[in-house]
Amino acid sequence: MKNKTREITQILKGVRSSDGDGVQLTRIIGSSELNLLDPFLLFDVFGSDKPQDYIGGFPPHPHRGFETVTYMLSGKMRHEDSAGNSGIIEPGGVQWMTAGKGIIHSEMPEQQQGLLSGFQLWVNLPASQKMTEPKYQERTDEEVPVEQLGENSHIKVIAGVTQEGTQGVIDNTTILPIYWHVQLEENTVFEQSIPSLHSAFIYVIKGQLLVGENSKKLSTAELAVLSNAENLIIKATTESQFLVIAGKPLNEPVERAGPFVMNTKAELRQAFSDYETGRLTN
Ligand code: FE2
């Protein structure tokens with residue numbers, strides 16, 4: 001009999017690391033624990049109220065061949081790029097950046113003190129789109145629809161569509177992403193369907209969940225990779241907040257080095273050479 005409910009196949013806590021100019025973060029996907037969850041290349045969690053953990057930010061650096069998705073929970077991040085685009089991502093806001101053929105940008109905290117927390121997800125692009133023109137999809141907290149599930153329970157729908165039909169604000173017809181920020185009150189059950197062939201994971205921001213028919217326990221700061229099936233059943237045993245992220249796998253070869261993610265080693269070498277000779281963004 002085919003399993004109809006997504007179950008936890010792996011629980012990860014990630015690896016403490018530092019990126020940019022000394023920004024402290026926990027890398028969960030794109031780490032030695034889990035290199036890739038096709039189409040997701042990386043998932044970082046950052047959160048600190050100590051300025052020394054984030055003040056260095058991410059000074060100018062390149063990207064080619066994929067998309068970066070920044071979702072802020074607290075604090076503000078300013079971004080600027082080589083094409084003259086700039087903006088500030090505020091709490092609850094999301095930036096879905098398609099680096100495509102190349103971008104050089106910086107991501108710097110727009111604050112000297114206080115809490116800065118959020119997530120960065122890297123989404124791969126298929127071979128046919130790796131050299132596409134860069135673009136941004138930027139949405140503020142107010143622009144992201146929230147579907148109310150109960151008095152203190154809701155889904156903030158960044159990407160994808162819920163069973164009730166609430167449509168997210170991000171457009172991506174390639175991996176058809178789901179990116180939900182869910183809040184549940186104690187002892188509530190959350191049921192949704194997700195395309196069964198999507199890769200999917202849950203990250204618990206806070207609280208305690210029981211996932212699937214197997215009711216496997218998942219706690220704060222843990223990431224669960226889910227099996228392929230259509231139904232998602234999650235029970236919150238305490239008041240909880242979590243992310244549900246899913247996308248259609250690309251099933252293509254992945255060659256990656258630092259800020260470049262291509263299909264072949266030759267394309268990677270080309271990316272480094274283009275960056276060194278100033279042609280990455282032309
Ligand atoms: Fe970046």
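The rules behind these values
- Residues numbered from 1 in each chain as written.
- Predicted model: local features only at pLDDT ≥ 70, side-chain atom pairs only at ≥ 80, totals over all residues.
- Heavy atoms only, no water.
- Donors = N, O, S within 2.8 Å, 3.2 Å for Na, K, Ca; no water.
- Tetrahedral: all angles 85-135°; square planar, octahedral: opposite > 155°, others 65-115°.
- Buried < 20%, exposed > 50% of the residue type's maximum accessible area, 1.4 Å probe, protein only.
- Core = buried A, V, L, I, M, F, W, Y, C linked by side-chain atoms within 4.5 Å.
- Contact = heavy atoms within 4.5 Å.
- Pairing = 2+ DSSP bridges.
- Helix = DSSP H or I, 4+ residues; strand = E, 2+ residues; numbered from the N terminus.
- Axes fitted to C-alpha atoms, helices over the stretch in contact; angles between N-to-C directions.

Colleague: Would you mind showing me how to read the coordination of the iron ion here?
Modeller: By definition of the ideal shapes, four donors in a tetrahedron about a metal sit 109.5 degrees apart, and six donors in an octahedron sit 90 or 180 degrees apart. Protein coordination at the iron ion comes from His61 (NE2), His63 (NE2), His105 (NE2) and Glu107 (OE), with a distance range of 2.1 to 2.6 Å. What the four donor atoms of the iron ion show is an angle range of 84 to 177° at the metal, which sorts the shape as irregular. Motif for the iron ion, donor spacing along one chain: H-x1-H-x41-H-x1-E. Residues His61 and His63 agree in their burial class; the two are buried.

Colleague: I'm lost on the nonpolar core in this one. Help?
Modeller: Taken as a class, soluble globular proteins show a tendency for nonpolar side chains to be buried jointly. One finds Phe43 and Tyr179 to be the most contacted residues of the largest nonpolar core, which totals 30 residues. Among all residues touching Phe43, those that are not within four sequence positions of it are Thr26, Arg27, Ile28, Ile29, Phe119, Gln120, Leu121, Phe201, Tyr203, Leu223, Leu243 and Ile245. If you look at the next biggest cluster of nonpolar residues, it comprises 23 residues, including Ile155, Val182, Ile202 and Val244.

Colleague: What am I meant to see in the sheet that holds strand β19 (residues 216-219) here?
Modeller: Hydrogen bonds between backbone atoms are what pair the strands of a sheet, whose relative direction is either parallel or antiparallel. In spatial order, the strands read β16-β21-β18-β19; together these four strands make up an open sheet with antiparallel pairing. Both outer strands of the open sheet, β16 (188-193) and β19, are each paired with one neighbouring strand and no more. In this sheet, adjacent strand axes meet at a mean angle of 25° when their direction is disregarded. Relative to strand β21 (residues 231-236), β16 runs antiparallel, the two being bridged by six bridges. Each residue of the ladder has a partner; that of Gln192, found in β21, is Leu232.

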